[in-house]
Amino acid sequence: MQQQASDEPKRQPTYTECAAHSTNLAAQSLFQLMDNKKTNLAVAADAQTPEQLLDLARRIGPEICLLKTHGDIVHQFDANTAAELLRLATEHQFLIFEDRKIADVPHIATLQAIRGSHWISNWAHFISVHGIAGEGPLKALSECLSKECGILLVAQMSSAGNLITKAYTNKVVRMGKRYPSLVAGFIAQELVSNDAGHIHMTPGVALCRHTSTDGQQYLSPQQVIRDNGSDVIIVGRAIYESQNQLAAAQTFRRLGWNAYLERIGQANPAPSIQFVSATAPTNHSG
Ligand code: S5P
């Protein structure tokens, strides 16, 4: 059956219900953690030194469900950095996603995931993989990664002029479905899989829709979660370049969570005049 990425019906189940459908253990844990902690915010911690990376993780850890890293842009990322990240992940209850975007032949894909200078699979709960090399890397990774690790397939990109077509996206999704215990979900701009257990994460998120001078196409949290049916907002510069990183993270957390509540029909309705009485306090939240 040919899937239409943008014509898929929008999904309404709660994160907990999605967790029950997940056949990948990392996706299952993340969906559950999101509902428990009430956050669908992932921060792209694109720091360039271990100190900056760990400082950011310490500061915004309580607000996030997931910390996304690029170990290869961190000067002297080592086993101590990874160990401290894991410690913080346990302390603040978040998972770690190493955005390696593996795109090579199976043999190299495997070495990049489990060996090399970063030993990614020792500390990351999720690793990103491109579909461009075909199914081989997924088969190889399914044979060597622990069942607690989830692959996120890049099905769409946020950069202006990227070469991904709808047909490519559909093929990546079909490929992902053939590895149910390995593939946690997709990096995409919208809902691309009709499998409720697949987690969708969307980068390119800012307070409002715009394109940056370097061609990053940003959507708002509401567009991503409520309108496009994705599950996780990935926010980078809008948080870590902010004067007050914690306050910025709290703002995105609130916007992302409210958008989710709207999507599942649990948003606090605006106080209606007929329910206001002198004795009953009016709930002004939301
Ligand atoms: O299509 C994509 C996929 C990813 S994972 N576009 C992206 O920007 N990303 C990542 O999201 C990118 O590698 C970076 O870490 C983050 C976006 O950062 P921001 O500063 O633009 O929010």
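Refer to the structure above for everything that follows.
The structure reproduced in this document is the subject of the present report. Just so we're clear, the structure is a prediction, and the values are computed from it rather than from any experiment.

**Structural notes on the overall build of the protein chain**
Point 1. Along the backbone of the protein chain there are 10 helices and 10 strands.
Point 2. Evaluated residue by residue, the protein chain yields a buried proportion of 52% over its 286 residues.
Point 3. When the accessible surface of the protein chain is summed, it comes to about 13100 Å², and 53% of that surface belongs to carbon and sulfur atoms.

**Details of the state of the cysteines**
Point 1. Throughout the structure, instances matching the rule amount to 0 disulfides.
Point 2. The thiol of Cys149 is not disulfide-bonded; the next cysteine sulfur, from Cys144, is found 9.1 Å away.
Point 3. Of the residues examined, Cys149 reaches a relative accessible area of 5% and is grouped as buried.

**Section: the pairing of strand S1 (residues 41–44)**
Point 1. Of the two faces of S1, both are covered, the one formed by Leu41 and Val43 as well as the one formed by Ala42 and Ala44.
Point 2. As judged from the 3 bridges shared by S1 and strand S10 (residues 232–235), these two strands associate in the parallel manner. Opposite Val43, over in S10, you have Val235 as the bridge partner.
Point 3. Summarising the sheet, S1 and strand S2 (residues 66–69) pair through 3 bridges and their orientation is parallel. The partner of Ala44 across the bridge, within S2, is Lys68.
Point 4. Note on the crossover from S1 through helix H3 (residues 50–60) to S2: the handedness is right-handed.

**Focus on the site of the ligand**
Point 1. Residues in contact with the ligand amount to 14 residues; listed here are only the nearest, Asp46, Lys68, Ser158, Tyr218 and Arg237.
Point 2. At 3.4 Å from an oxygen atom of the ligand is found a side-chain nitrogen or oxygen belonging to Lys101.
Point 3. Relative to its free-state accessible area of 490 Å², the ligand is covered by the protein chains to the extent of 91%.
Point 4. Cavity membership is defined here by more than half of the atoms lying within 2 Å of grid points; on that basis the ligand lies in the largest pocket.

**A look at the nonpolar core**
Point 1. Of all hydrophobic cores here, the largest spans 84 residues; its most connected members are Ile199 and Met201.
Point 2. A total of 7 residues in this core trace back to one element, the largest contributor, which is helix H10 (residues 245–263).

**What about helix H5 (residues 106–114)?**
Point 1. Listed in full, the buried residues belonging to H5 are Ala109, Thr110, Ala113 and Ile114. All buried residues of H5 project into a common sector of 105 degrees when viewed along the axis, lining one side.
Point 2. Along its buried surface, H5 packs onto strand S3 (95–102), strand S4 (126–130) and helix H6 (136–144).
Point 3. The first or second residue beyond H5 is Gly116, which carries a positive phi of 65 degrees.

**Quick notes on empty space enclosed by the protein**
Point 1. All told, the structure shown has 1 cavity of 30 Å³ or more when counted by the stated rule.
Point 2. Size it by volume and the largest cavity reaches roughly 30 Å³.
Point 3. In terms of lining residues, the largest cavity is bounded by His21, Ser22, Thr23, Asn24, Ala27, Val183, Ala184, Asp195, Gly197 and His198.
Point 4. Looking at the lining of the largest cavity residue by residue, the classes come out as 3 nonpolar, 6 polar and 1 charged.

**Things to note about the environment of Gln48**
Point 1. In this structure, Gln48 sits in the loop between S1 and H3.
Point 2. Exposure remark for Gln48: the relative accessible area of 53% places this residue in the exposed category.
Point 3. Once the C-alpha coordinates of Gln48 and His70 are considered, the two residues, 22 residues apart in sequence, prove to be 8.9 Å apart.
Point 4. Dropping the residues within four chain positions of it, Gln48 is found in contact with Ile73, Val74 and His75.

**Description of the pairing of S3**
Point 1. With respect to burial, S3 is a largely interior element, 6 of its 8 residues being buried.
Point 2. Examined bridge by bridge, S2 and S3 share 4 bridges and lie parallel to one another. The partner of Lys68 across the bridge, within S3, is Phe97.
Point 3. Regarding the hand of the β-α-β motif, the stretch spanning S2, helix H4 (residues 79–92) and S3 is right-handed.
Point 4. Looking at chain direction, S3 and S4 are connected through 3 bridges and run parallel. Within S4, the position partnered with Ile102 by the bridge is Val129.
Point 5. On the question of chirality, the crossover connecting S3 to the parallel S4 by way of H5 is right-handed.

Reading the values: rules and limits
- Residues numbered from 1 in each chain as written.
- Predicted model: local features only at pLDDT ≥ 70, side-chain atom pairs only at ≥ 80, totals over all residues.
- Heavy atoms only, no water.
- Helix = DSSP H or I, 4+ residues; strand = E, 2+ residues; numbered from the N terminus.
- Buried < 20%, exposed > 50% of the residue type's maximum accessible area, 1.4 Å probe, protein only.
- Areas by Shrake-Rupley, 256 points an atom, 1.4 Å probe, with all protein chains shown as cover.
- Disulfide = S-S within 2.5 Å.
- Pairing = 2+ DSSP bridges.
- Right-handed = clockwise from strand over helix to strand, strands pointing away.
- Near = heavy atom within 4 Å.
- Polar contact = N/O pair within 3.5 Å; in protein donor to acceptor, adjacent residues only side chain to side chain.
- 1 Å grid on protein atoms, 1.4 Å probe; cavity = no way out; pocket = protein on both sides within 12 Å on 5 of 7 lines; lining within 4 Å.
- Sits in = over half its atoms within 2 Å of the grid points.
- Core = buried A, V, L, I, M, F, W, Y, C linked by side-chain atoms within 4.5 Å.
- Arc of directions from axis to C-beta.
- Contact = heavy atoms within 4.5 Å.
- Points joined across faces, edges and corners; volume = space filled by probe spheres on them.
- Nonpolar A, V, L, I, M, F, W, Y, C, P; charged D, E, K, R; others polar.

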